[in-house]
Amino acid sequence: MATLVTALNLCKRNLLSLLWWCLIIVQLLVVASFHSQIGGVSADASAEKSQKLKQQGQQDDEVEIGSALDPHPDPNDEDHVGMIYVGATNETHRITHDQPNGIKYIFGTSFDESHKLIEEKDLLLHNQHNHDHEMPKSREEIMRERHGQVHPDGPKPFGHVHTHELDGGVTPPRVVHVDPFFLDETLVTNKEFGLFVRSVYYKTEAEHYGWSFVLSSFLPHAEDLHMMEKDPEAEHWVTVNGAYWREPEGPGSSYKFRENHPVVHVSHRDAAEYCKWKGKRLPGEWEWEAAARAGHYGPQNRTLYSWGEEDDVEVAKKYANLWGHGEFPWENLAEDGWRGTSPVKYYPPNPFGFYDMTGNVWEWMRGGKHKARIVRGASYVDSLDGSINHAATLGARATLHGTTTAGNVGFRCAKAPKRRTEYHYKTHDESTHGQLAIEDEFGKQHVVPTRDWEEDYIVMEDENDEDEFEEETEEKPKIKKRKVVLPRTRRSNEL
């Protein structure tokens, strides 16, 4: 009987073991079948995806696969009230930013005839030049191009240019290139500047200092002239206490009935603050002259004045507010109808649509030094031939101290077209190891981080990821990639 019980227990254990192994085999078969189905679906999906990509590539070969940057905004979709676009265009549209769309022209004084030696082919865009077959230059030639001819009186400070004695324009004329830009069609008026002052409670530098320069013939009391201080570089301009943009000739005067005249008695800082408030900036002088010449860029069609080559007062009075035949500063015959400033749209515009690019008031430019800020365009106290003050040509140029305020200096604003937003990734301390470059359209980084920076830093991509460096992370800081907008510091190729 005991033997029978033992045999039954043994059979029972063997049966349970057999059932257990059968269950395991069944589970393994189920898992294998499932993976086989998943693999087939994945293979089919992968093949279908590859086929779609292949068809897409055949349909549009111009798409750059892997591009890290968005396309530039179309300049044809951008316009600003009261501003005019200056840039390369075809017959009907503006050329987009993915092609060369700047302007190349002859910049400088209008009196120097050397501009006629510049050939038309030199006005082609920079990137259309072919340098593959040029002979290598010697060190002397490179240094001469970089630094120019040393002046007999010694080297000049950075930014120094030679100017013509009549109009103050840069000499000799040279070819320059500017990126496309927007520019105000008119000078900023008293009405517009008044809105800015009331909006932000702005106080001009003329108000801070308590005085400004006024033309001596504009003084309400000429008998006080001998008691007033004069500008050492322009004896006919005197300091008048209390003169500023609201009272252009001093206490008792007013800008009323001159709301549409250009604002005057503003310094370089005042002009820059207004443009910043409007979301704009002051123009560079290359930009300004490109707008003033209005397509007359080559050696053959370059003109002396905005209206052509006629230097007769009877012709000029139809186009610009300038000084006529009278003796300066007491005898202003007002051939053009104005003794001082004139309304901003009184004279006809140039071919691009800009008003007062010659005469009325000087215009502040961006750039230069604080003690020698650049102004362009001439004013109502300048003459055609330069016999009285500056010659009012398209190359007219002067420099003033940045804090100078006078009754013949105003400004207009410029703005750069919109560009794409670019990004870069911060993966380490840029103050220690340098700034990481953004990726170009092919995903390539052009700047390599400082050598051996990986020895001090470890990038942790996944907190749960275990690797051989996990034990060393306690002594070394963690760095995570962070996508940030790359600040746009370039507003034009000139500035």
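What counts and how
- Residues numbered from 1 in each chain as written.
- Predicted model: local features only at pLDDT ≥ 70, side-chain atom pairs only at ≥ 80, totals over all residues.
- Heavy atoms only, no water.
- Helix = DSSP H or I, 4+ residues; strand = E, 2+ residues; numbered from the N terminus.
- Buried < 20%, exposed > 50% of the residue type's maximum accessible area, 1.4 Å probe, protein only.
- Contact = heavy atoms within 4.5 Å.
- Areas by Shrake-Rupley, 256 points an atom, 1.4 Å probe, with all protein chains shown as cover.
- Pairing = 2+ DSSP bridges.
- Core = buried A, V, L, I, M, F, W, Y, C linked by side-chain atoms within 4.5 Å.
- Phe/Tyr/Trp six-rings, centres within 6.5 Å; stacked < 30°, edge-to-face > 60°.
- Arc of directions from axis to C-beta.
- pLDDT = per-residue confidence, 0-100.
- Patch = residues over 30% accessible without salt bridge, like charges linked within 9 Å, V, L, I, M, F, W, Y side chains within 5 Å.
- Salt bridge = Lys/Arg side-chain N within 4 Å of Asp/Glu carboxyl O.

K.L.:
Explain the overall build of the protein chain to me, please; I cannot follow it from the model alone.
P.N.:
Within the protein chain, the secondary structure is distributed over eight helices and 18 strands. Expressed as a percentage of its 495 residues, the buried residues of the protein chain come to 40%. In the protein chain, once contacts between residues fewer than 6 apart in sequence are set aside, the share between residues at least 24 apart is 70%. Carbon and sulfur atoms provide 52% of the accessible area of the protein chain, an area that totals close to 30300 Å².

K.L.:
Help me understand the sheet that holds strand β7 (residues 211–215), please; the structure alone is not making it clear to me.
P.N.:
Adjacent strands of a sheet pair through backbone hydrogen bonds, lying either parallel or antiparallel. Spatially, the three strands line up as an open sheet ordered β7-β9-β8, and their pairing is antiparallel. Every other strand in the sheet has two partners, leaving β7 and β8 (230–231) as the edge strands with one partner each. When β8 meets strand β9 (residues 234–241), the two strands line up antiparallel, connected through two bridges. Bridge pairing in β9 places Asp231 opposite Ala234.

K.L.:
Help me out: how do you make sense of the nonpolar core in this one?
P.N.:
Soluble globular proteins tend to pack their nonpolar side chains together in the buried interior. Core analysis: the biggest nonpolar cluster contains 49 residues, and Phe193, Tyr274 and Phe411 have the highest contact counts within it. Not counting chain neighbours up to four residues away, the residues in contact with Tyr274 comprise Val188, Glu192, Phe193, Phe196, Phe411 and Cys413. With 21 residues, the next largest nonpolar core counts Val86, Val170, Val178 and Trp288 among its residues.

K.L.:
Just checking my understanding: could you explain the sheet that holds strand β14 (residues 414–415) for this structure?
P.N.:
With respect to topology, three strands assemble into an open sheet ordered β1-β6-β14, the strand pairing being antiparallel. One side of each edge strand has no neighbouring strand; the edge strands of this open sheet are β1 (83–86) and β14. Inspection of the sheet shows β1 paired to strand β6 (residues 181–184) by four bridges, in the antiparallel sense. Bridging across to β6, Val86 finds its partner in Phe181.

K.L.:
I keep staring at the packing of aromatic side chains and nothing clicks. Help me out?
P.N.:
Aromatic rings considered in pairs are described by the distance between their centres and by the relative angle of their planes. With the rule as written, the count across this model stands at 20 aromatic pairs. Taking 5.2 Å as the distance between ring centres and 45° as the angle between the ring planes, the aromatic pair formed by Trp245 and Tyr255 counts as tilted. Of this pair, Trp245 sits in the loop between β9 and α5 (268–277) while Tyr255 sits in the loop between β9 and α5; the two residues are ten residues apart in sequence, bridging distant segments of the chain. Each member of the pair Trp245 and Tyr255 is classed as buried. An aromatic cluster is present here, built from Phe193, Phe196, Tyr202, Trp245, Tyr255, Tyr274, Trp277 and Phe411 joined pairwise through their rings.

K.L.:
Can you help me understand α5 in this one?
P.N.:
Since the α-helix turns once every 3.6 residues, residues separated by three or four places project in the same direction. For α5, every residue scored as buried is listed here: His268, Asp270, Ala271, Tyr274 and Cys275. Viewed end-on, α5 has its buried residues packed into an arc of 165°, placing them on one side of the element. Of the residues trailing α5, Gly279 is marked for its positive phi of about 75°.

K.L.:
Help me understand unusual backbone geometry in this model?
P.N.:
Across the chain, the bulk of peptide bonds are trans and the bulk of non-glycine residues have phi less than zero. Of the consecutive residues Thr171 and Pro172, the connecting peptide bond is found in the cis state with omega at -5°. Along the chain, the position of Pro172 falls in the loop between β4 (170–171) and β5 (174–178). Here the residue pair Phe328 and Pro329 is connected by a cis peptide bond, since its omega of 0° sits within 30 degrees of zero. When you line up the elements, Pro329 lands in the loop between α7 (313–316) and β10 (362–369). We note that Ala294 has phi near 50°; this positive angle belongs to a residue other than glycine. By secondary structure assignment, the location of Ala294 is in the loop between α6 (285–293) and α7. Even without a glycine there, the phi angle at Ala334 is positive, about 55°. In this structure Ala334 comes out as partly exposed when scored by relative accessible area, which is 23%.

K.L.:
What is the right way to read the confidence of the model for the protein chain from this model?
P.N.:
Atomic detail in the predicted coordinates should be set aside for any region of low pLDDT. When the pLDDT values of the protein chain are averaged, the result is 78; 66% of them are 70 or greater. Of all helices and strands in the protein chain, the one with the weakest mean pLDDT is strand β16 (residues 458–459) (47), whereas strand β13 (residues 409–410) scores best (98). With pLDDT under 50 throughout, residues 58–68 is counted as low confidence; its partners more than four residues away or in other chains account for eight contacts.

K.L.:
What should I look at first to understand a nonpolar patch on the surface in this one?
P.N.:
On the surface, Trp20, Trp21 and Leu23 cluster together into a nonpolar patch covering about 400 Å² of accessible area. Looking at where Trp21 falls in the secondary structure, it is placed in helix α1 (residues 2–59). You can call Trp21 exposed: its relative accessible area is 52%.

K.L.:
Whenever I open this one, the pattern of salt bridges confuses me. Can you help?
P.N.:
Side chains bearing opposite charge may pair, as long as their charged atoms lie close to each other. Scanning the entire structure with this criterion turns up twelve salt bridges. With its nearest N and O atoms 3.0 Å apart, the salt bridge here joins Asp184 to Lys280. Here Asp184 is found in strand β6, whereas its partner Lys280 is found in the loop between α5 and α6, with 96 residues between them in sequence. For the pair formed by Asp184 and Lys280, the shared burial category is buried. With a shortest N-O distance of 2.8 Å, Arg376 and Glu289 are connected by a salt bridge. With Arg376 in strand β11 (residues 372–376) and Glu289 in helix α6, this residue pair connects regions lying 87 residues apart in the sequence. Accessibility expressed as a relative area gives 1% for Glu289, which makes it buried. Bridged by salt links that share partners, the residues Glu285, Glu289, Arg293, Arg302, Arg376 and Arg397 form one connected network.

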